[in-house]
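Secondary and tertiary structure notes
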Amino acid sequence: MNPMLDAPKLFMVMKWMTSLANAAMFTTYAVYQVIAMGLNPLQLLLVGMVLEVTVLVFEGITGVIADTYSRKLSIIIGMFVLGCGFVLEGSAMWLGAAAPLLSAFMWLLVAQIIFGLGATFVSGADTAWIVDEVGVECVGRVLLRAGRIGLSGTLVGIVLSVGLSALAPNLPYVIGGCIYLVLGVILLIYMKETKFKRLEHAEYSSPWRRMQVTWLSGAKVIRSQPVLLKMVIVTVFSGAASEGYDRLWQAYLISNVGFPQSLAFSAASWFGMIALISTLLSLCVMAVAEKKLNMGSEQVVMRGMFLLTIARIGAIVSVACSPNLVWAIVSVLFFELVRALSGPFYETWLNFNMDSKSRATVISMLSQSDALGQTAGGPLVGWIGKRYSLRASMVAAAVLLLPLMAVYGRMVRRHK
């Protein structure tokens, strides 16, 4: 391997490029889906539900493939599938006009299926790969640094998103998908797998038998560790809450709060500025956290998750109750800051409590519980928004996070 692209550096490249692509697509997604395509709150949550049902169905299968055959192979397949899904999502508006048999909304749903399938190949496999390559003792710092470097990619992606959206509201998705395809080629050339051990036992010669043994091993790990069972509960409620907030907060700012007409800024420009400020703030906080926090201490990580959950609830309620645009923007910025910190804490804590042989499978199982929460909770939150108001939807999303406080609080007390 090129010495300039060892495992940690290649992981940073992967996080930078995926952050670039995601920011390019999702910064102005509401301009595409709400303004250009005219989706209502229920349709927005239905889009999310199709995505999460796909994840729920395929997550366990693809996670087992990563643990049984190759994490590298799983990641590379995922990048190519994700790229195709995002390009199709960006093309939904064009295809809806060109092919009347399927509306733009239906093409959007098809794209979510491909998107979800690709995400399941990468989910769990990327973290499992880097943990194997650098060791569980060092992975916390690597994940924090990757989060900070990913934010720099997000900054570029935000600017790209606003510029592309000004040309055509669907163009950010097309370009974002192409970035994923390019990343797939880069990983195909440079990615190595030096620490992963495949199952080679004769009694597991059948591919399906190998996957069955790996899946049962992951399920046994979860059943044998009460703390992982609690995390299944946590991810169900967290998924339900995040689906409601993520799909609706931009629509809430457009419909309920509104942007001042006196300023000559488009909705895409407003969302770009919000994302830019939140990313800069997150970069500063992540840099401080990387230097000051001992991510090798499970106690520090658990306390952090408890406090960050309280902050998430407060931020969502603040957005829902915002009396004006300034209040709403400050609340959104605070939520994004908390979200940026929460990811490395969650991933580090998970890797304290699982074995390398079934790491990708266990993470995939937890992703399935997250998808279950999003599948069940998302449409409910969307129905509340359509039946009552978007403000009520946001409050409902915050309420769904309350069980997390009880679980995390109990874990912190027990650890003491």
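Scroll up to find the structure this text is about.
Report follows, based on the coordinates. (Residues numbered from 1 in each chain as written. Predicted model: local features only at pLDDT ≥ 70, side-chain atom pairs only at ≥ 80, totals over all residues. Heavy atoms only, no water.)

In this section: the packing of aromatic side chains. Under the definition given, this model contains twelve aromatic pairs. With centroids separated by 4.2 Å and ring planes inclined at 40°, the aromatic side chains of Tyr245 and Phe335 adopt a geometry described as tilted. Of this pair, Tyr245 sits in helix 10 (residues 226–257) while Phe335 is found in helix 13 (residues 325–352), placing the two residues 90 residues apart along the sequence. Note on Trp249 and Phe271: the rings are 5.8 Å apart at their centroids and 85° apart in plane angle, and the pair reads as edge-to-face. Linking Trp249 in helix 10 with Phe271 in helix 11 (residues 267–292), this pair joins segments that are 22 residues apart in sequence. Accessibility assignment for this pair places Trp249 and Phe271 in one class, buried. Taken together through their ring pairs, the aromatic side chains of Tyr245, Trp249, Phe259, Phe265, Trp270, Phe271 and Phe335 make up a single cluster. When the ring centre of Tyr388 is taken as origin, the NZ or CZ atom of Arg387, which lies over that ring, is 5.0 Å away. (Phe/Tyr/Trp six-rings, centres within 6.5 Å; stacked < 30°, edge-to-face > 60°. Helix = DSSP H or I, 4+ residues; strand = E, 2+ residues; numbered from the N terminus. Buried < 20%, exposed > 50% of the residue type's maximum accessible area, 1.4 Å probe, protein only. Lys NZ or Arg CZ within 6 Å of the ring centre and 35° of its normal.)

A few words on the packing of helix 4 (residues 71–98) against helix 8 (residues 171–190). Axis separation between helix 4 and helix 8 bottoms out at 7 Å; the angle between their running directions is 165°. In terms of their interaxial angle, helix 4 and helix 8 are classed as roughly antiparallel. Viewed along their axes, helix 4 and helix 8 form a crossing whose handedness is left-handed. Taken together, the residues of the contact of helix 4 with helix 8 sort by class into 18 nonpolar, five polar and one charged. (Axes fitted to C-alpha atoms, helices over the stretch in contact; angles between N-to-C directions. Parallel < 35°, antiparallel > 145°, perpendicular 65-115°, else oblique. Left-handed = near helix turned anticlockwise from the far one by under 90°. Nonpolar A, V, L, I, M, F, W, Y, C, P; charged D, E, K, R; others polar.)

When two helices pack together, their arrangement is given by the angle between the helix axes and the distance between those axes. Between helix 7 (residues 136–167) and helix 8, the shortest axis-to-axis distance is 8 Å and the interhelical angle comes to 130°. Classified by the angle their axes make, helix 7 and helix 8 are oblique. Facing helix 7, whose interface residues are Leu160, Ser161, Leu164, Ser165 and Leu167, helix 8 presents Leu171, Pro172, Ile175 and Ile179. Broken down by class, the residue content of the contact of helix 7 with helix 8 amounts to seven nonpolar, two polar and no charged. (Contact = heavy atoms within 4.5 Å.)

Take the environment of Glu52 next. Relative to the assigned elements, Glu52 resides in helix 3 (residues 41–68). Judged by relative accessible area, which is 8%, Glu52 ranks as buried. In this view, Glu52 contacts Glu243, Ala371, Gln374 and Thr375; residues no more than four positions away in its chain are not counted.

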